[in-house]
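Architecture at a glance
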Amino acid sequence: MTYRAPIADIQHALKVAGFDALLETGAFEGADAETVAAVLEAAAEFTQGVLAPLNRSGDQEGVKLENGKVRTASGFADAYRQYREGGWPSLAAAPEFGGQGLPGVLALAVMEMVDSANMSFGLCPILSEGAVHLLSLHGTKRQQELYLKKLVSGEWTGTMNLTESQAGSDLALVRTKAEKNGETYRITGQKIFITYGDHDMAENIVHLVLARLPDAPPGVKGISLFLVPKILVGDDGKLGAANSLRPLSVEHKLGIHASPTCVMSYEGAYGEIVGNPGDGLALMFLMMNAARLHVGMEGVGVAEAATQKALEYARERRQGRSPWSKDQTAAIFDLPDVRRMLMLMTAKTQAARAICYATAIAADLAEHARNEHTRDAARLREEILVPIAKAWSTDVGVEVASIGVQVHGGAGFIEETGAAQFYRDARIAPIYEGTNGIQAMDLAGRKLGLEDGKAARDLLIEMRSTAIADKKIVAPLHDAIAACERATDWMISNRGTPDALAAATTYLKLMGDTVGGWMLAKGADSEPRQALARFYAAQILHPAIGLADTIETGAADLQAAEIFPG
Ligand SMILES: Cc1cc2nc3c(=O)[nH]c(=O)nc-3n(C[C@H](O)[C@H](O)[C@H](O)COP(=O)(O)OP(=O)(O)OC[C@H]3O[C@@H](n4cnc5c(N)ncnc54)[C@H](O)[C@@H]3O)c2cc1C
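The following refers to the structure shown. Along each chain, residues carry numbers from 1 onward, in the same order as the chain's sequence is written. Residues qualify for local features only when their pLDDT is at least 70, as the model is predicted, and side-chain atom pairs are given and counted only at 80 or more; totals for whole chains, interfaces and linings, by contrast, use all residues. The basis for the side-chain values is all heavy atoms of the structure; hydrogens and waters are excluded.

The next subject is the overall build of the protein chain. Within the protein chain one finds 17 helices and eleven strands. Only C-alpha atoms enter the radius of gyration; for comparison, a globular chain is expected to reach 2.2 Å times N to the power 0.38, where N is the number of residues. Computed over the C-alpha atoms, the radius of gyration of the protein chain is 24 Å, within 12% of the 24 Å expected from 2.2 N^0.38 for a compact globule of 566 residues. Its C-alpha atoms put the protein chain at 75 × 60 × 50 Å along the principal axes. We call two residues in contact when some of their heavy atoms are within 4.5 Å. A sequence separation of at least 24 residues applies to 74% of the contacts in the protein chain between residues at least 6 apart. Just so you have it, the protein chain exposes about 23000 Å², and 54% of that area is on carbon and sulfur atoms. For the protein chain, the distance from the average position of its 54 positive side-chain charges to the average position of its 69 negative side-chain charges is 2 Å. A run of H or I in DSSP counts as a helix once it spans at least four residues, and a run of E counts as a strand once it spans at least two, with each numbered from the N terminus. Calculation of accessible area relied on Shrake-Rupley with a 1.4 Å probe; when residues are assessed, cover is drawn exclusively from the protein chains displayed. Asp and Glu count as negative and Lys and Arg as positive, but His and the ends of the chain are not part of the count. For charged residues, the charge sits on one atom: NZ in Lys, CZ in Arg, CG in Asp, CD in Glu.

Printed below as a string of structure tokens:
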């Protein structure tokens, strides 16, 4: 694995996504250009030197459940120790809890490198960060003292326990029970697909578990959230006995083999409530927004790594004659169709990166901007961008990894090359953290419903008013923005109908394609970046414009039952 962190591209994307606006808030005094550069350099060194070498071995070795405990692949526990000692878990956490108080977007940029180098490893910090976010905002003083600080330092890790076999996308069906036991609760039930539900990389795990109180109303209103430690923690912070919970099995998966995906059994386990009874799902959504953005970043991380690998291979592999060089056998890099694939990979990866960073910057501003108006506007921007960042970027991850296999020809289908692993690893990201179909429903439903579509309209207005000099970019970009405007109007006036639900994924794709094109156009400040933005405009924006027409065709034909006999 020869991953090289693309620091210049990351710096450039930060700028395009609006990093300077973040510094102007004055909330991140430590985040000057020098610090940002130093953090990115150090992250590059760690991810290239420590995590990337474990990517293939982790894929081959996988995880094992032995004597009721999960053992991670060789080298992972030591890599995690170095991750913790390097201070990486605390980058964006608040100083009052032991964090470094740097912008969330900087931590996200670091996570991109982690995901490129080793997506399986990256899942552990992603889940811990969600738990940190949640407990920072809604933990009691005691929970913050006992649990949050350990999560911030990385000594302990966190999980999200939502899914049960009958409750996946529809969490209203959660059945895990929580019974009052004095001031605390006893949690009983089974959760499936729990990422890093057990492992040997940290001494304790803080599970955040959705469960239902006996007298709770049915549906989402009856769900509460509980903090359930793997090992019980005394009031003095000392670790005590094991809690009554265990991993029953680990899944055998298509990809991310080194990330344990556990069936977890809670057997009257000690739990503390977080927030109020009935607030469970709303609180979990706090974790999920951050996690959804992180999953989008996984798409970018894998896309970047797959692009680098394809480029390296294309420069070495000699086959065919190039119309551009006189060599009898050219490097496939010099063949126009291969160059097209490499450009597509690069353009989509860079667009998705900028979208994810812009989402993170909106989240940072929503929390830290000085005036309320900016905070409110940033909150709306974050809301509209999260489903796009998650779904569009993870689709890009799969597509780019697939093109990466194609660039390798037959060698891409052979595991030794490593291109196939990117494809397998990338495939989960459109599924978990709310499938991409659910993201599209969220965008077309709740997000377009915010202030009568203001979030989408404000974004489109800003896109339209951005000055772009290159005519070959500006014409298709403005046509695509017009298509988005038309589609947005149609989606809003048909909101909640089967027609709009059937069109939601297409609408999300149209929006993602267009916002991505806008990002590349904004960043086209040199000849190579202009060429990339022009390529994107021709290859992606042009076809996207037609999506507005397909959105309006409605769902009628989907119900033609005779297509699916039986
Ligand atoms: C490797 C892995 C790791 C995971 N990690 C975690 C974790 O750490 N914690 C956790 O709690 N869960 C985790 N999950 C679970 C994951 O979030 C769910 O698998 C996912 O949310 C989808 O739920 P489901 O599998 O039940 O699919 P279903 O909900 O059964 O969905 C099946 C299909 O129907 C579609 N669909 C369902 N409902 C709707 C709807 N209302 N509208 C339109 N389409 C719909 C979906 O888009 C999908 O295409 C993980 C899963 C995997 C595979």
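Next, the rest of the story.
The term salt bridge refers to a pairing of a side-chain nitrogen on Lys or Arg with a carboxyl oxygen on Asp or Glu at a separation within 4 Å. The tally for this structure, following the rule as stated, stands at 35 salt bridges. Taking the shortest distance from any N to any O, the salt bridge between Glu85 and Arg81 comes out at 2.9 Å. In this pair, Glu85 and Arg81 are both assigned in helix 5 (residues 76-85), four residues apart and thus about one turn of the helix distant. Two residues, Arg457 and Asp489, come together in a salt bridge whose shortest N-O distance is 2.7 Å. With Arg457 in helix 13 (residues 454-464) and Asp489 in helix 14 (residues 471-493), this residue pair connects regions lying 32 residues apart in the sequence. The buried label goes to any residue with under 20% of its type's maximum accessible area, the exposed label to any with over 50%, and the partly exposed label to all in between, with areas taken from a 1.4 Å probe on protein chains only. Since its relative accessible area comes to 40%, Asp489 is described here as partly exposed. Salt bridges sharing common partners tie together Asp9, Lys15, Asp525 and Arg529.

Let us now look at the nonpolar core. The set of buried Ala, Val, Leu, Ile, Met, Phe, Trp, Tyr and Cys residues whose side-chain atoms join them within 4.5 Å is what this entry labels a nonpolar core. If you look at the biggest cluster of nonpolar residues, it comprises 145 residues, and the most contacted ones within it are Tyr357 and Val407. Considering every element that reaches this core, the biggest residue donor is helix 9 (residues 336-368), with 17 residues. If you look at the next biggest cluster of nonpolar residues, it comprises 31 residues, including Leu127, Leu135, Met160 and Met287.

Attention now moves to the site of the ligand. For this purpose, a residue is taken to be near a molecule or strand whenever a single non-hydrogen atom of the residue falls within 4 Å of it. Residues in contact with the ligand amount to 18 residues; listed here are only the nearest, Thr163, Ser169, Phe193, Thr195 and Thr435. Whenever two N or O atoms come within 3.5 Å, that pair is a polar contact, provided that in protein one can donate a hydrogen and the other can accept it, and provided that, for residues adjacent in sequence, both atoms are side-chain atoms. A distance of 2.7 Å separates a nitrogen atom of the ligand from a polar atom in the side chain of Thr163. The contact in question runs from a nitrogen atom of the ligand to an N or O atom on the side chain of Thr195, over 2.7 Å. In the complex, the protein chains occlude 62% of the 970 Å² of accessible area that the ligand would expose alone. Listing elements by their share of the shell around the ligand, those giving two or more residues are strand 3 (156-161), strand 5 (184-195) and helix 12 (436-449). With three residues, strand 5 is the largest single contributor of residues to the shell around the ligand.

Before going further, it helps to examine the pairing of strand 3. In terms of burial, strand 3 is a largely internal element, six of the six residues being buried. Side chains Trp156, Gly158 and Met160 project from strand 3 onto one buried face, and the interleaved Thr157, Thr159 and Asn161 project onto a second face that is buried too. Here strand 3 pairs with strand 6 (residues 204-212) via six bridges, running parallel. Looking at strand 6, one finds that Gly158 is bridged to Val206. Here, a strand pair is defined by DSSP locating no fewer than two bridges between the strands.

The axes are straight lines fitted to the C-alpha atoms, using for helices just the contacting stretch, and the angles between their N-to-C directions are given from 0 to 180°. At a minimum axis distance of 10 Å, the contact between helix 13 and helix 14 shows a crossing angle of 165°. When the interaxial angle is binned, helix 13 and helix 14 end up roughly antiparallel. The interaxial crossing formed by helix 13 with helix 14 has left-handed handedness. The residues of helix 14 that touch helix 13, namely those facing Ala456, Arg457, Leu460, Met463 and Arg464, are His478, Ile481, Ala482, Cys484, Glu485, Thr488, Asp489 and Ile492. Angle categories: roughly parallel below 35 degrees, roughly antiparallel above 145, roughly perpendicular from 65 to 115, and oblique for all the rest. In a left-handed crossing the near helix is turned counterclockwise from the far helix by less than a right angle, and in a right-handed crossing that turn is clockwise.

The subject of this paragraph is helix 3 (residues 33-51). Expected helix span is given by 1.5 Å per residue-to-residue step, counting one fewer step than there are residues. With 19 residues, helix 3 should reach 27 Å at 1.5 Å per residue; the first-to-last C-alpha distance of 26 Å fits that figure. Along helix 3, the residues classified as buried are Val36, Val39, Leu40, Ala43, Ala44, Phe46, Thr47, Val50 and Leu51. Packing partners of the buried residues in helix 3 comprise helix 1 (7-17), helix 2 (19-24), helix 4 (55-61), helix 5 and helix 6 (104-138). Its side-chain oxygen placed 3.1 Å from the backbone nitrogen of Glu34, Asp32 serves as the N-cap of helix 3.

Another aspect to go through is the packing of aromatic side chains. To describe a pair of aromatic rings, one takes the distance between the centres and the angle between the planes. Under the pairing criterion, centres of Phe, Tyr and Trp rings, with the six-membered ring standing for Trp, must be within 6.5 Å; the plane angle then separates stacked pairs below 30 degrees from edge-to-face pairs above 60, leaving the rest tilted. Tallied over the full model, the rule gives seven aromatic pairs. Through a chain of ring-to-ring contacts, the aromatic side chains of Phe46, Phe76, Tyr80, Tyr83 and Phe121 assemble into a single cluster. A ring is scored as having a charge over it whenever the NZ atom of a lysine or the CZ atom of an arginine sits within 6 Å of its centre and within 35 degrees of its normal. Against the face of Phe333 rests Arg315, its NZ or CZ located 4.6 Å from the ring centre. Between the NZ or CZ atom of Arg339 and the centre of the ring of Phe333, over which it lies, the distance is 4.0 Å.

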